Amino acid sequence: MQLYLPIAEIPVNIFVILAMGAAVGFVSGMFGIGGGFLMTPLLIFIGITPAVAVASVASHIAASSFSGALTYWRRRAIDPALAAVLLCGGTIGTALGVWTFTLLRSLGQLDLMIALAYVVLLTTVGGLMCWEGLRAMMRVRRGIAVPMRRSGSRGWIHGLPLKMRFKRSKIYLSVIPVVTVGAIIGFIGAVMGIGGGFILVPIMIYLLRVPTSTVIGTSMVLTLVTMLFATMLHAVTNHLVDAVLALILMIGGVTGAQFGARAGQKIRGEHLRLLLGCIILAVGIRFAIELVIRPGDLFTIRESGVAG
Amino acid sequence: MIARTSFAALGLALGMAGTVGVAHAERLIVSVSNHRVTVTPNYSGEELVLFGSVEKDASAPTHRAGYDLVVTVAGPRADMVTRRKERKFGIWINTDYRQFLQVPSYLALFANRPFDAIASPEVERRQQLGLNNVLLTQRVGPDYADVVPNDAFRSAFVRLRSEHGLYREDTSAVTFLTPTLFRTGIPLPAEVPIGTYDVEIKLFADGALLTRTETAFEIVKVGFEQFVATSARQNGFIYGLVTAAMALMTGWMASIVFRKD
């Protein structure tokens, strides 16, 4: 069934979009991530302009992270204080991100920057995760007990001033790195159309030493609020949020996520990480190939709107 | 309402044809099949029909070999930018660009036979016959001008628009049903921009312009899509709020529906 997307201004098959939402939802439910880093590229690959894809996916991620956050809230797996401090940075980062997005768009370099950002971020994160997952599997195969990498050494991060006690996470930590992390995630989220959960969770675990019990729930709260904020800003400044597209994606996404979550529980942790790493790496490489090979057409047209 | 619009447009067309026709022996009477095309959610392209006839009065020479007709359909005008990618540091990036000022977003040129056969190159250029001769104003440094047809940016612009079916040239689209009665189809692809479309019909004989007339039609989007597009542009803040609320609702519903405990 064909449907005309009002903002993207192209006709699409509604079932293709639903299936894409469900597939990405499945993956995101399986790994407990937002899935924006898969959704945005998929939309770009089917012909939606990167700008509209990034802006519309923001609201899609907001929906899926809200349903996740509600579940974690019921299980008391969210640290409200930590979430609040992260959000201070998150909102600033998002605002800066949308501003950068608008600037790059007027310069005609937005598509390139989005592609470059994906290549750098996804190949790095994906490569690290693959490596980590492979090593963990090798260790298991050799029968060596996996040591938990939460060494007791207190890094430079724990020497920073402005310390605060986060009760539910049972950590005592400076607010400076927390706000900074929130700002970085907010920024890349707004520019790239990703929730940032797949970067935020490892940072929170390894760098901020947040216990695993509260890490996913809290990161979902940050994702939820930054993505809602990004939706608002993209709607007000660039008018690029396609609500029809977003709604179809949301419906597919939240449904797929439920099945993904069940499938995820049956797979072992290190296999799951390796698999996720491979997916992330593959998307990164796909973007890299796009940049390096000679494009089918060297010319592009865009309506510039403003005269003179 | 629709009837009134088309009646007014037809009246306008007839009126114009009448005024132009005073000085000539021939005049054109034309109409399009629909003066208001509505783009609905499942719109996948449509074809309008333009038909008309050449009216001769007593002073028209009888020895004329035949009439030639050129129809130009121009959609709403907009500024556009064409960018060219170049290889820099191993990757392909946008480097050079050219601005096209107030060019038609849709442009169709139809005739009953090749433009070269209708008129001399000089007349073709003056009357803007064919995509190579249509004026596409570019910003060239501080100047505004059109450039030669084989300019890289201009030809890329025309080619890309043509690939989307938005620019087209067809020198066999106009058919004469009788020596004076003609018709042509105006294909409107799914991606047509909304707005007012001007149709200009020029009558040639023996390589010279005899008379011309104009008509117009309008493309409007109706229904939910149009409502969404308009509110996104005009009420960005409320639109954002509604989208955000929609996201929260969907997420909340999902957590209720799929609740496991």
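Residues numbered from 1 in each chain as written. Chains lettered and ligands numbered in written order. Predicted model: local features only at pLDDT ≥ 70, side-chain atom pairs only at ≥ 80, totals over all residues.

### Some words on the confidence of the model for chain B
All names here are of chain B.
And then number 1: Considering every residue of chain B, the mean pLDDT works out to 80; 87% of them sit at 70 or more.
And then number 2: The model gives residues 1-22 a pLDDT under 50, and that stretch makes 26 contacts with residues more than four places away or in other chains.
And then number 3: Interface predicted TM-score (ipTM) for the complex: 0.77; the corresponding pTM is 0.70. (pLDDT = per-residue confidence, 0-100. Contact = placed C-beta atoms within 7 Å.)

### Here we look at the sheet that holds strand β6 (residues 91-104) of chain B
And then number 1: On the basis of which strands lie adjacent, the open sheet formed by five strands has the order β5(A)-β5(B)-β6(B)-β8(B)-β9(B) and antiparallel pairing. Edge strands, defined here as strands with exactly one partner in the open sheet, are β5 (299-303) of chain A together with β9 (143-145) of chain B. Shown here is a sheet whose adjacent strand axes are inclined to one another by a mean of 35°, direction ignored.
And then number 2: Pairing analysis gives two bridges linking β6 of chain B to strand β8 (residues 138-140) of chain B, with the strands arranged antiparallel. Looking at the pairing, Phe100 of chain B lines up with Gln138 of chain B of β8 of chain B.
And then number 3: Its contacts with the sheet place helix α4 (residues 152-163) of chain B against β5 of chain A together with β5 (77-88) and β6 of chain B, and it is angled at close to 70° to β5 of chain A. (Pairing = 2+ DSSP bridges. Helix = DSSP H or I, 4+ residues; strand = E, 2+ residues; numbered from the N terminus. Axes fitted to C-alpha atoms, helices over the stretch in contact; angles between N-to-C directions.)

### So, the sheet that holds strand β11 (residues 175-176) of chain B
Residues and elements named next belong to chain B.
And then number 1: Pairing is antiparallel in the open sheet, where four strands are placed in the order β1-β3-β12-β11. Strand pairing shows two members of the sheet lacking a second neighbour, β1 (26-32) and β11, which therefore form its edges.
And then number 2: The pairing of β11 with strand β12 (residues 181-188) spans two bridges and is antiparallel. Within β12, the position partnered with Phe176 by the bridge is Phe182.

### Examining the nonpolar core
And then number 1: Formed by 148 residues in total, the largest nonpolar core has its most connected members in Ala62, Leu224 and Leu228 of chain A together with Leu69 and Val71 of chain B.
And then number 2: Split by domain, this core shows at least three residues from each of two domains, domain 1 (2-222) and domain 2 (223-261) of chain B.
And then number 3: Apart from the residues within four sequence positions on either side, Ala62 of chain A is in contact with Leu224, Met227, Leu228 and Thr231 of chain A together with Ala244 and Ala247 of chain B.
And then number 4: Judged by nonpolar contacts, the second largest core, of six residues, contains Met80, Val103, Phe153 and Phe157 of chain B. (Core = buried A, V, L, I, M, F, W, Y, C linked by C-beta atoms within 7 Å. Buried ≥ 20, exposed ≤ 12 C-beta atoms within 10 Å, placed from the backbone. Domains from an automatic or database assignment.)

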